[in-house]
Amino acid sequence: MAALYSSVYSTVRTPGAVLVPSPVLPSTAFVAGSATLLVLPPASLIQLLPSLKQLAASPIVIQVSTLASGGDHAPVLALRSSGLALVYSSSTEQAAANAQVAALVAASGRGVIHFGEFEATKVDWPVAAAAPALNGAATSTFSAFAAAYAATPAAHSRTSTGAKAPSTLVLALGNTTSFASSLPQTVGLVSLSLVRPLSSALIRELVPKGTKTVVVLEQTYNKVGKWSPLFLDVVGAFAESDDDAPVILSGTLGTVTDAPAAVAQIVVAIAASSNPFTIGTIPTPASATSPSAITPPKHESTYTNLLTEVFGSRLWLANAPGSLLPPKAATSSIAATSPEYALGHVLGAQRQRDDLRTAVRAELAQPGLDDATAKALASWLQDDRDDKTAADAQAAVAASKAPLDQIRAIDAEFSRKSNWIIGSEAWSHDLGSSGLHHALSTGADVNLLLIDTTPYELPSSTSPTQRRKDAGLYAMNYGNAYVASVAVYGDFSQTLRALSEADRFQGPSIVLAYLPAGDSDSTRALEVLQSTKKAIEVGSWPLYRWDPSADARGADVFELDSEKIKADLRTFLDRQNHLTELSNRLPSFGEALEPGQGKKMVDAQKKKARAAFDALAGALEGPPLLVLYASDGGNAEKLAKKFSVRARVRGVAARTLALDDLPLEDLPLESHVAFFTSVAGQGEFPQNGREFWKAAQAGKVPDLANTAFTVFAMGDSHYWPRKEDAHYYNKSGKDLHAKLLDLHAEPFVPIGLGDDQDPDGPQTAYKIWEPLMWKALGVDGFEETEPELEPITNEHIKIASNYLRGTILEGLADKSTGALAESDGQLTKFHGIYQQDDRDIRDERKAAGLEPAFSFMVRMRLPAGVCTPSQWLAVDEISDKRGNETFKLTTRQTFQFHGIVKANLKPAMQEINKTLLDTVAACGDVNRTVMCSANPSLGALHERVFHFASELSEQLKPQTSAYAEIWLDKKQIAGFTDTEPLYGEYYLPRKFKIAIAVPPTNDVDVYCHDLGYIAILDENKELLGFNVTVGGGMGVTHSVKTTYPRLADVVGFITPEQGIEVAKAVLTTQRDNGNRANRKNARVKYTVDRMGIKAFMAEVESRLGYALAPARPFTFTSNVDQFGWQTGHDGRRHFTAFVENGRVVDEPGKPFKTALREIAKVHKGVFRLTANQHVIIADIPVEEEKTIQAILSKYKLDDVDFSALRLSSAACVAFPTCGLAMAESERYLPVLIDHVEKICEEAGLRHDSITMRMTGCPNGCARPWAAEVAFVGKAPGQYLMMLGGGYHGERLNKPFRESVNEEEILALLTPMIKSYALEKNDGEHFGDFVIRKGIITATRQGLDFYENSFPGQKEEDAVAA
């Protein structure tokens, strides 16, 4: 059951509750079949008014404790006509039982307010396990309560005590325990618990016949009118009856300390017919939270911290909690965060500043003022907004010997403060109405930052009642204010620009800041980031800046910063301009654009389409068949299309569509439908079938009584091996089959379940299922006379590509789509380019009828990871100009751009080449970027190894001229034919990776590569040669045990001069012997294991013409980076900066992109990227060290005081751009480390290095299989967990748990880490420790990777079962 809690309005926290940003809940908060809990104080119920209708029909319990308000029920009873059920509890004990009742009723889809005098933190929020029992029986709210009370013996809708046939009945809604036993014997007492629903007939039943007087007691202290709500209900009930009504009196039930006195008050009131009356004393409600208790939520502090960074000591938050009122005003009735009060405070300060100007003018008019002071004061008067003139004036006044009495008498500074008033749900949520109007009407130089914390939802037809962003339109209409709409999690640079412009503007400035769910302390930054991106993408939060003063400068007043909206607007205008030109040239075309002509055109198109369809249908023989597929990875799509081709060969009129591409209303028109579906995540539907499934669940798919269907599902029975997870296997296909049966569709072939674990994978089941289809369709007698076309593979694409040209040029010219053809997408990898899309906003794009937000990842070829400062500056500029304003330092020691749209792709490639760098062979089935140890202390040796890496990269680079033709506009020479002397026209079966390690540091993970070189040094650290390693590789496919990681074998020693020819021999051996039939088994590691390492090396040596010498001894001691300052052999200085997961970006508190840009402007050495995603500012002359250090300090990049765990971590990109990602990685690992490092620090292990890596999929870009602890994504929030890797990269880890979430990860790691702290041997690393303790067994070679994996999991699953 979900538990939700409003941090804004709630006065208490409920243990285990999840924070939500507002009591006005989005529809996504309601989960079918369970109840949602919202804890609120009474005063906040008014906030629910806009959502009452929705809440009444939603599975929600609103829990309201009236203890703090003295037991006043008035705010709750004000909602008695809302449709929400009302349940009252007079004590915490009673509330425990009523909470169960409320949960059961809410789970049936009805909103309930549970209120009363109980402590919310002590009320056990129950899981409505019995909720299904109410389904069907609960035809109304009253019947739902009847069933709930029957299921909860401890709870009662009312209690009756006293006389059975009373002359006077006390009907109470409140706590009567203090006087109930003191009532006279002739008086009866009915205490209500169920307040709504409460019908008139039921009220009359509560009053026994013969009762002469009914006394209604209620705890309503702040009544709107004279009469209380329950009293009016009782009066109304008897007004509807023909029977004689009793006398009905209204009483207010206060706090009763003297029971006899209270009873006497009732007796007196009856005798005197007093109406209304009071018993006891009316309590004084507890005071609301004091101003000092207001604390902005952590996410909101992102903006306030940003203001601090931008304006520093000049910043004045005029309504910061606790900083406004002087101590003597602590009890003032004025709220410290009131926008009106803060505005008055700002205006007062500005009046003081005006007085200072007047005083300065007066002193300048006085004789005898020294020239220096006069000059400084005059300059300040001329420009009092300049920081330098202000500082000069302040210093001049302090140093002047002149009296300057008028200036000194004023308590004001010469420097101008950047004053800001914050408007948010946590500080002053009314700012944006009255406060905004006051600020605009004064024309004061004041800045307002309005933070909108409204949770993101997909756009709907429902118009919101109030939107903070509308304040921007209001301010622009006013005309005298600077207005900007920003989102720090969407566009950091635009936010900085807007804040600076607002500060410079002379007049009111309104900055609207988006922070979805930002007032909830439990909302993760990742969720805020994703919601922000979605809101910007669909245009619900546009980014813009409006500066009325820009017109005087000849600049644009309005600047639209939302790239998506700008692109759509540009497309629209281009289309409009084109149509206008056509209309002018062709009058007949202009007529066609008239509204009446539009309908004619549509009718003509429909007629033509119908005729074409009839002609097609008439030309086909055999039964019609619609083939629908839902596929993420492409396997289900390929199988569906293959099936369709085979069906058409047999004469079946088969056509193929993605499941979501079929209009729902057309499905009942189909006589035969075959569904193909794979599984995404934990049994979810793939992306292109998700909308259909949502519609099916919502009952929007029509009846299918006339449709015959079959389903072929594709999954992996071992992907979720735990018993409780077994139902995820082929869940989407099974669910679809069941839903179609519910819709009365008739299966004409049983469901087929393809399993990756079968001998032939899904084909095992498919080969059984397909013949049944032919028989059912009546085409089983067909004899195939032609061989079936083999599927197109990467090998076909490569050989048909004309040496990597394909149709890339034509695809770049196609403006109708942001994508390239699928085959070209395979070829662009050889050019260093991957086609991707933003997966955070796929649903939003689809809902808007748009294709995915396609963009391209561009990876540079950067041998050894070395670049010059000018090249760094160019990379920085390209990322801003062409990409998403960030770039990545990758685990392959190179730069990677993301978010480059197709129109920017070619310009970006040309700009990269202008830096004398390129991207060729950074990806694809060729040798990729050559890596090299980045140890800065190696000096001359690093220089030599760097040149070797560069030569390797150049010698193994593809020779095709396609790269220059496509990206650099070089012309192909007539009659010239490309050749690839090293690769041939097929290139390699799979990618080929090389790394060079220089002991004692294995920072490049040399064993993880296809080919490795380990530098062997003499006693003087001179290079003797290299030990060669062969056969490493990381890529794996989940649950497919024929795929595995492998560490390379050390096969011999070579001299430096032999390095290039050895690389060519190994590469060509793989070229000629690698598996081209199965890409999952095509890497060198599989070739080595298939041939055997001896046979493989025999082939290599036969190509060399000589044998490798025996390997030389060496030692590795680490594979992590050494952070901070170091000194090289030549005295030059080097600084290794920590860039978490390699993402170079400006973030609040971490403006590292700016820092590195500023360093590159003055740096006279080089930059070295490390294989662990960090950067070394290398070769700094001693005299320049202070300059570099000053920049590092200014931007906080010199901070390397992190836990050793964090410094030893690495993650791949994963979501949102990687198309292969199954779970978060780069964006989530820092969050996980936050938790794990707390465990380490508690155990005294802050400075103990443990290598921890995470990837979003099993391809292993961050080399997880060689880490001591690693997590590989399987589904959102679910990871395969590995343990036992070697700290030096010399041993693979082993699967420890098949699928774990964050809670399970922490539960597993906590005892291990504590045990490691107490029991480790001296110098023992964590990976060695878990093996010694028997927690996991060592993986000696790749083929043993799965042996003894998942220890103890079966026992845990048995216990859980």
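Read on for an overview of the structure. Just so you know, these numbers come straight off a predicted model, no measurement behind them.

The next thing to look at is the overall build of the protein. Check the secondary structure of the protein and you find 41 helices and 48 strands. The proportion of buried residues among the 1361 residues of the protein is 54%. Across the protein, every contact between residues at least 6 apart in sequence was considered, and the portion connecting residues at least 24 apart equals 72%. Accessible surface, the protein: about 58,100 Å² in total, of which carbon and sulfur atoms supply 53%.

Together, V645, V649 and F782 make up an exposed nonpolar region whose accessible area comes to about 240 Å². Take F782: it is sitting in the loop between helix 23 (762–776) and helix 24 (794–799).

Between helix 35 (residues 1152–1162) and helix 36 (residues 1185–1194), the least distance of the axes is 9 Å, while the angle of their chain directions is 165°. Taken together, the axes of helix 35 and helix 36 are roughly antiparallel relative to one another. With respect to the hand of their crossing, helix 35 and helix 36 are arranged in right-handed fashion. Across from A1155, E1158, I1159 and V1162 in helix 35, the residues of helix 36 making contact are T1187, I1188, I1191 and L1192. The class makeup of the residues in the contact of helix 35 with helix 36 is 6 nonpolar, 1 polar and 1 charged.

Residue P197 follows R196 across a cis peptide bond; omega there is 5°. Tracing the backbone through its elements, the reader meets P197 in the loop between strand 10 (194–196) and helix 5 (200–206). Residue P1000 follows P999 across a cis peptide bond; omega there is 15°. Checked against the element boundaries, P1000 lands in the loop between strand 33 (994–997) and strand 34 (1011–1017). Backbone geometry places L916, a non-glycine residue, at a positive phi of 70°. For L916, a relative accessible area of 75% gives the class exposed.

With that settled, the discussion passes to the pairing of strand 3 (residues 36–40). Most of strand 3 sits inside the fold, with 5 of its 5 residues counted as buried. The alternating pattern of strand 3 places T36, L38 and L40 and L37 and V39 on opposite faces, both of which are buried. Both strand 3 and strand 4 (residues 60–65) contribute to a ladder of 5 bridges, which runs parallel. Across the sheet, L40 pairs through a bridge with V64, a residue of strand 4.

Conventions adopted
- Residues numbered from 1 in each chain as written.
- Predicted model: local features only at pLDDT ≥ 70, side-chain atom pairs only at ≥ 80, totals over all residues.
- Heavy atoms only, no water.
- Helix = DSSP H or I, 4+ residues; strand = E, 2+ residues; numbered from the N terminus.
- Buried < 20%, exposed > 50% of the residue type's maximum accessible area, 1.4 Å probe, protein only.
- Contact = heavy atoms within 4.5 Å.
- Areas by Shrake-Rupley, 256 points an atom, 1.4 Å probe, with all protein chains shown as cover.
- Patch = residues over 30% accessible without salt bridge, like charges linked within 9 Å, V, L, I, M, F, W, Y side chains within 5 Å.
- Salt bridge = Lys/Arg side-chain N within 4 Å of Asp/Glu carboxyl O.
- Axes fitted to C-alpha atoms, helices over the stretch in contact; angles between N-to-C directions.
- Parallel < 35°, antiparallel > 145°, perpendicular 65-115°, else oblique.
- Left-handed = near helix turned anticlockwise from the far one by under 90°.
- Nonpolar A, V, L, I, M, F, W, Y, C, P; charged D, E, K, R; others polar.
- Pairing = 2+ DSSP bridges.

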